[in-house]
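# Descriptive analysis of the structure
These are the residues of each chain, in order.
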Amino acid sequence: MLITEILYTITQIRQKIKSFKEKKLVIGLVPTMGALHIGHESLIKRAKQECDIVIVSIFVNPIQFCLGEDFEKYPRQIEADRQICSKLGVDIIFAPNADEMYPDEATRIDENFTIVAPPASYQNKLCGNFRKGHFNGVATVVLKLFNIITPDKAYFGRKDAQQLVIIKKMIKDIDLPLEIVDCPIIREPEGLACSSRNKYLSAESRNKALCIFKSLKNIEKLYNTGITSASEAIELSKKLIDPDLEIEYFEAFDFETLKRAEKIQKNTLFAIAVKINGVRLIDNLII
Ligand code: PAF
């Protein structure tokens, strides 16, 4: 098994990219914050099928965390991540540190830096309502990664549905020449959506969190039995959420425009965020 090379600087990765481009190789990027799990593995496997070169970026992006969030304790495990990447045949890990990505310390408090701001109508809802500025941070770092790596394709999971819609919108609005490949949610055997934050859950919380997927499946069941009102389906399915879970939102939107959905139809996104013992979990269902 070849050990995946880790590059830490923009200069180093740009040199590699130049040689790949000279050979006309198709480059796939899987942007991550590390702590890789089977959800990331599925993105990498898809990229391996479709690209000549697969690059995984690992960067815990400080500017997408809000005050009081888990930036400091976010799991960092580069060697374990490298093993996973090596096993899957990833060509390069790009793992810059914060100084490399934001050389000016001031950027981290948001002043002397160009910030990419997705439209308010896309970010002032769902997670964006609870994590002010989060999607500015995401869009900014993702655009930086796209400019550094210039991939032909980039792979994102549907679990972060709002993030995926916002990135697709950014690509379209500013004419970035790459394809966003949107990949299904990967679940643990009992149905919990894979997330690096699942590591924070106690056995008891993890067990209680299983009701999230059950309530989403219930939406689908209701729709299949003829219910077309999104709010009715949500109200009925909310009843399946364990009272120890604090619901931040459980709402329906169009998966492309993020406009609120009244009627359930193809492409309706049902998105839920809950807190359990201080751990925030999100999940969704797209009809
Ligand atoms: O989904 C994530 O892990 C992050 O938001 C991303 C896209 C890597 C940007 O930091």
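From a predicted model like this one, the values you see are computed outputs, not experimental measurements.

So, on to the site of the ligand. Around the ligand, the surrounding shell consists of P31, T32, M33, Q64, V141, V142, F156, D160 and Q163. Here an oxygen atom of the ligand and a side-chain polar atom of Q64 are 2.6 Å apart. Contact between the ligand and Q163: an oxygen atom at 2.7 Å from a side-chain N or O atom of the residue. Burial of the ligand by the protein amounts to 89% of the accessible area it has alone, namely 280 Å².

Now for the nonpolar core. With 50 residues, the main nonpolar core has I13, I55, F94, F146, I149 and I180 as its most contacted residues. When residues of this core are assigned to their parent elements, the largest contribution, ten residues, is made by helix 7 (residues 134-149). What F146 contacts, discounting residues up to four positions off in sequence, is L29, P151, A154, F156, I167, M170, I171, L176, L178 and I180. Core analysis: the next-biggest nonpolar cluster, separate from the first, contains 27 residues, L201, A261, F270 and I272 among them.

When you line up the elements, R131 lands in the loop between helix 6 (126-130) and helix 7. For R131, a relative accessible area of 9% translates into the label buried. Of the polar contacts made by the side chain of R131, one reaches the side chain of E69; its length is 2.7 Å.

Another point: the sheet that holds strand 9 (residues 279-286). Taken together, three strands build an open sheet; the order of strands is 7-8-9 and the sheet is antiparallel. Each edge of the open sheet carries a strand with a single partner, namely strand 7 (246-254) and strand 9. Strand-to-strand, the axes of this sheet are offset by a mean angle of 15°, without reference to chain direction. Of the pairings in the sheet, the one linking strand 8 (residues 268-276) to strand 9 comprises eight bridges and is antiparallel in character. Across the sheet, the residue bridging to A273 is I282, located in strand 9. In the packing of helix 10 (residues 230-238) onto the sheet, contacts are made with strand 7 and strand 8, and the angle to strand 7 comes to roughly 155°.

Looking now at the sheet that holds strand 4 (residues 92-94). Judged by pairing direction, the sheet is parallel, and its six strands sit side by side in the order 1-4-3-2-5-6 without closing on themselves. Only two strands of the sheet have a single neighbouring strand rather than two, namely strand 1 (5-7) and strand 6 (179-183). Neighbouring strand axes in the sheet, compared pairwise and without regard to direction, differ in orientation by 25° on average. Note: strand 2 (residues 27-32) against strand 3 (residues 53-58), six bridges, orientation parallel. Looking at strand 3, one finds that G28 is bridged to V54. Strands in contact with helix 1 (residues 10-22) are strand 1, strand 2, strand 3 and strand 4; relative to strand 4, the strand with the most contacts, it is inclined by about 145°.

Reading the values: the criteria
- Residues numbered from 1 in each chain as written.
- Predicted model: local features only at pLDDT ≥ 70, side-chain atom pairs only at ≥ 80, totals over all residues.
- Heavy atoms only, no water.
- Near = heavy atom within 4 Å.
- Polar contact = N/O pair within 3.5 Å; in protein donor to acceptor, adjacent residues only side chain to side chain.
- Areas by Shrake-Rupley, 256 points an atom, 1.4 Å probe, with all protein chains shown as cover.
- Core = buried A, V, L, I, M, F, W, Y, C linked by side-chain atoms within 4.5 Å.
- Buried < 20%, exposed > 50% of the residue type's maximum accessible area, 1.4 Å probe, protein only.
- Helix = DSSP H or I, 4+ residues; strand = E, 2+ residues; numbered from the N terminus.
- Contact = heavy atoms within 4.5 Å.
- Pairing = 2+ DSSP bridges.
- Axes fitted to C-alpha atoms, helices over the stretch in contact; angles between N-to-C directions.

Geometric descriptors of this kind do not, in isolation, establish any biological role.
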